[in-house]
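Summary of structural features
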Amino acid sequence: MQKRKPKLNGDKEDPSIFASTESAEPNDIEVESKVALEDESSTRKRKPKINGDKENSSMPISVESAEPNSIGIESKVALQEGSITQFYQKNMIDEGQNEEATEDSTSVGKELDADINNLNVVNGSIRLDVATSNLNVGNGSVGNLNVVNGTSNRNAVNGMSNLNVVNGSKSKILEDVSWIEKKEIASENGASIPRDVISEEKHVDGTKTDGNGALKIEIAQADEERVEDNSLQLKLEMEINLRKQEIEGLAEESFSSGDKLFAYPQIIKPYEDIEVFFNRSFSPLKDEPDVLIKGSFNHWRWRSFTTRLNKSHLKGDWWSCVIHVPKEAYKMDFVFFNGKNSYDNNDENDFCIPIEGGMDKLAFEDFLVEEKRRKKEQLAKEQVEKERQEEEKRRVEVEKRRIEVGKAASEADRAQARTETENRRETLQQLLKNAVRSIDNIWFIEPNEFKGSDEVKIHYKKSSGPLAHANELWIHGGHNNWKYGLTIAEKLVRSEKEGDDWWYAEVVIPDQALVLDWVFADGPPKVATVYDNNNRQDFHAIVPKAIPGEMYWVEEEQKIFRKLQTERKLREEASRANAEKSAQMKAKLKEKTLKRFLLSQKNVVYTEPLDVQAGRTATVFYNPATTALNGKPEVWFTCSFNRWTHNLGPLPPQLMLPADYGSHLKATVKVPMDAYMMDFVFSEREDGGVFDNKGRMDYHLPVFGGIVKEPPLHIVHIAVEMAPIAKVGGLGDVVTSLSRAVQDLNHNVDIIFPKFDCLNLNHVTDLHYKRSFSWGATEIKVWFGKVEGLAVYFLEPLNGFFSKGCVYGCGNDAQRFGFFCHAALEFLHQGGFHPDIIHCHDWSSAPVAWLFKDHYMDYGLHKSRVVFTIHNLEFGAHFISKAMAFADKATTVSHTYAKEVSGYPAISPHLHKFHGILNGIDLDIWDPCNDKFIPISYTSENVVEGKRAAKEALQQRLGLKKSDFPLVGIITRLTHQKGIHLIKHAISRTLERNGQVVLLGSAPDPRIQNDFVNLANKLHSSHGDHAHLCLTYDEPLSHLIYAGADFILVPSIFEPCGLTQLTAMRYGSIPVVRKTGGLYDTVFDVDNDKARAEAHGLEPNGFNFAGADCGGVDYALNRAITAWYDGRDWFNSLCKRVMEQDWSWNRPALDYIELYHAAKKY
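Read on for a plain summary of the structure. The model shown is predicted, which means the values in this text are computed figures rather than measured ones.

**Focus on the sheet that holds strand S10 (residues 261–264)**
Pairing within the open sheet is antiparallel, and its 4 strands lie in the order S10-S11-S15-S14. Of all the strands in the sheet, just S10 and strand S14 (310–311) have a single pairing partner and so form its edges. Relative to strand S15 (residues 318–325), S14 runs antiparallel, the two sharing 2 bridges. Bridge pairing in S15 places Lys311 opposite Trp319.

Following this line, the structure appears as structure tokens:
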């Protein structure tokens, strides 16, 4: 049986070249020698392993055979009395071979009386007459070994290095010679003594040997060790020579056939070292001084390596190195290179060598999955431990910070208590100066001396003041400058003792009273109309026995301190409870949004189960009715995993079958354990044709429960606005909020931003100088800081471009921002950044798109792709048009707005890469559960109570009538875009319906601002209790309006996205909007949009209108106000519903990540 030489990738297969690994008929090799001993003879046979090969002495041989040859060795040596056998070393070639030699001893003689190293033979000496250096062995046979009398010749052993053996006989001869050496040790009488007896230093009869015997044994042992060392050295020399001959043969064969490489051994197995030989003269690397091999196993997926090759001993330009083959390998893949950028990769096919006896491809895939699972478990354990340690560290830090904060708060409370006590003391001292024990002919108290808890009579002369004609007299009193409010209310009776004009009331002096405070009135509290209040000074009397000492003020300070501590504790507990409630609500919203995301295209595609699980089967349902495949006779399903990067590659296309209901088709797929994303497209034929690939985005669904997580993207935003450090419009909110939302999904986000001199640095943490670089003959300083948890690199050019005191409006804004865009890209290039996505915004950072493609894409930033977002088309049309041409993907801030502007010349040529993605709102900024600007916190569960309290606070603050009216809020910039003529009409219409209206906003145009100032003056005069216009921007007031209003009106003529209606719903206010742009995408009319809302996984949430005239406003506003009047329970449920809808960045962030991945494919 024969096996082919392993085929190297790139070798030509020659069927005439074989390497034999078995011999059909094993040869027998017999070496006979006889040794005559007194009444004793012994015979031994061995079976070594031998690998057969071709009968060509120039070819190397193997060292294993399926059927080993038998070699019999007999020796017979006639010895006279006193002769001994020469000892030789035992040698074994196969390390795994373990054979035992049988030693027989039938006679017991005298003790050894000879030195092994200086053998003395009585009647002669022996000589092993074998000419080993010229011994020829062929076909498994060898000549007789004749041992005759003569002088021993140890060189016979040492001279076997040049032994020429074909089929493995050489090793057998060595073994048998060594066996003869170790067979026996002869005594003086020729007796054979077992070795174990010698080693125990005893006679055969059991008596101990004398000292000379012990010395002889030590000498024998030393000689035996020396012989074994020599034998090992001999074995190694033989193996080296055998290997050398075999490699030389392979090199000669490879050179003759024009092969540039071969490996030794020829049959490569896992878990062993191999030597790779490379002929540089056949390679493009022939003139390179250094040659290295770079490789891996199993299609470059396991255990990579890079090793330098060294010049080998072979003739010609052969280089070699040793590579360890791991046990999991079934194939070795590699290329050669010069250590820099010159490669020999087998004409771009790479080199490969098959590995036999290990895993196959499927077993390796299973192994990889198991490895990933184990690694995930290990990482999970490490993560749990890391999180535990971090949590413990965080707990310690929080506790430390809590103690520090508590200490500081305690000190603040103590200081406040001390201040309040001192103020009270000063006030009381002033009162004591003014307080008296009586006033002649007006009032007095009896008894004259009294203290707290005593009952006294306070007398009052009726005719002394304005109560002379009152029918009743009452005393309304308190103590200590009315500190505890009204604590005394008693009716006076006529005093018979003092006369008809004197009246009195019996009063119990309050505890802790130092001064009594009171007035007289003509009736009880809340009924009296006429008062005698001592000319608005009130009456004050000293409590004589309660003049406070120092101890009183110490106790008073302690009381105030304890009260402040209790109030602070209650506030902190309430804040923590609100924060926890808010976090729970956000988590529920996020989970709800993910489910909505999975169901968002249910009319086109969905899965069962909805949450695709790794390691399980999923069924994909597809409705082609509204797609490019509508009406096609067949629909084919092509699927893969992990953004089309899974090692299984795209699975074979499946013909989709009809589902059990509706017009859907279905296909079933097994999801691997190492999947984190399922990717698929649909086509009309198995081989393609018309595709539905979701507008070049492909369909992607997350996979849950897998052992692999999606690798994070690196996104860099280049922008000139960012909230809250440099917010001008909505762009600043988007940059910050989108970045945070994407970062929360475990992606890496950086922002490059101009270091304006007008930055609000209060919101930048850890701001510090990083380094400087030069571009455009300008030094640019780089600063780093964190804004809202985001990493921000601030660029400060020393040309003064950003030291103007403003963001926009410098006259050379295009030059300033163009410089910034180029500097930002240069910073990425020089800093060694390699982001996946560079995201630029509006005209101000639009130059990034073409500067990147012209100057950086092919010069260091080849990995990156550009995404451009249009927030407002009003400015910089030329810049926007050019950026649209160069960007890989482009977006605007809502789906409907994208359709509305699709005909613009700047956009229409690029619709294939233009997408609409809604903006969101920041749930941390707009959070009614944790908002310091509203009177009470609330969620959807107590929205009615929360909004009622906010409405009352709003009415009180703006001077509106505190009653239950429908309240319409308007928060806007006063521009024509925002529909100012519709705003004016809506104000009038609301007042006609007996509603209240509040407007907050200002106009950049002075003429519009003056127009609204006049309108405000008119309304405040005629409808002051129902209308208030605040013509500026007031952040706290905006929060109160969102919470206190029943409706928020947004009648924009056009609106790319709009955040006002989203914030309104967050606070439970119902939006009334015009159907345009993002307003149409987010507000679904309660009467007309039920089907449209359901298609988006939502319920109706407001009122809308289509026209841009007064009739359109009336249509929506009248229905809204009527619903408030006629169905309060239904209206309250609507407020609850809109609060529970998620208009945060949760969903837009998922859409942007899909877009980023789509951009990476370009």
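On we go.
**Notes on the side chain of Asp679**
Its place among the elements puts Asp679 in strand S36 (residues 677–685). Buried and unpaired, Asp679 has Arg643 as its nearest opposite-charge partner, separated by 5.3 Å. A distance of 3.2 Å separates a polar atom in the side chain of Asp679 from the backbone nitrogen of Asn642. The residues touching Asp679, leaving out its near neighbours within four places in the chain, are Thr638, Cys639, Ser640, Phe641, Asn642, Arg643, Trp644, Tyr699 and His700.

**Here's the deal with the packing of aromatic side chains**
Tallied over the entire structure, the rule returns 49 aromatic pairs. A centroid spacing of 5.8 Å and a plane angle of 75 degrees characterise the contact between Tyr769 and Trp783, whose relative ring orientation is edge-to-face. Highlighted residues: Tyr769 in strand S41 (residues 764–775) and Trp783 in strand S42 (residues 778–787), separated in sequence by 14 residues. A residue is classified by how much of its surface remains accessible, and Tyr769, at 40% relative accessible area, is partly exposed. On the basis of relative accessibility, which here comes to 21%, the residue Trp783 falls in the partly exposed class. Aromatic rings pair up to connect Trp443, Tyr460, Trp518, Phe520 and Phe539 into one cluster. For Lys770, the ring lying beneath its charged end belongs to Phe784, and the centroid distance is 5.8 Å. Just above the ring of Tyr1080 sits the side chain of Arg1092; from NZ or CZ to the centre is 3.7 Å.

**Things to note about the environment of Ser1038**
Within the secondary structure, Ser1038 is located in helix H16 (residues 1035–1044). Judged by its relative accessible area of 1%, Ser1038 falls in the buried class. Separated by 38 residues in sequence, Ser1038 and Leu1000 have C-alpha atoms that sit 7.2 Å apart.

**Things to note about the environment of Ile934**
Looking at the secondary structure, you find Ile934 in the loop between strand S47 (914–916) and helix H13 (943–958). The class of Ile934 is buried, set by a relative accessible area of 8%. Expressed as a C-alpha distance, the spacing of Ile934 and Gly1044, which sit 110 residues apart in the sequence, is 8.7 Å. If near-sequence neighbours (up to four positions away) are discounted, Ile934 is found in contact with Pro928, His1039, Leu1040 and Ala1043.

Cut-offs used in this document
- Residues numbered from 1 in each chain as written.
- Predicted model: local features only at pLDDT ≥ 70, side-chain atom pairs only at ≥ 80, totals over all residues.
- Heavy atoms only, no water.
- Pairing = 2+ DSSP bridges.
- Helix = DSSP H or I, 4+ residues; strand = E, 2+ residues; numbered from the N terminus.
- Buried < 20%, exposed > 50% of the residue type's maximum accessible area, 1.4 Å probe, protein only.
- Lys, Arg positive; Asp, Glu negative; His and termini not counted.
- Salt bridge = Lys/Arg side-chain N within 4 Å of Asp/Glu carboxyl O.
- Polar contact = N/O pair within 3.5 Å; in protein donor to acceptor, adjacent residues only side chain to side chain.
- Contact = heavy atoms within 4.5 Å.
- Phe/Tyr/Trp six-rings, centres within 6.5 Å; stacked < 30°, edge-to-face > 60°.
- Lys NZ or Arg CZ within 6 Å of the ring centre and 35° of its normal.

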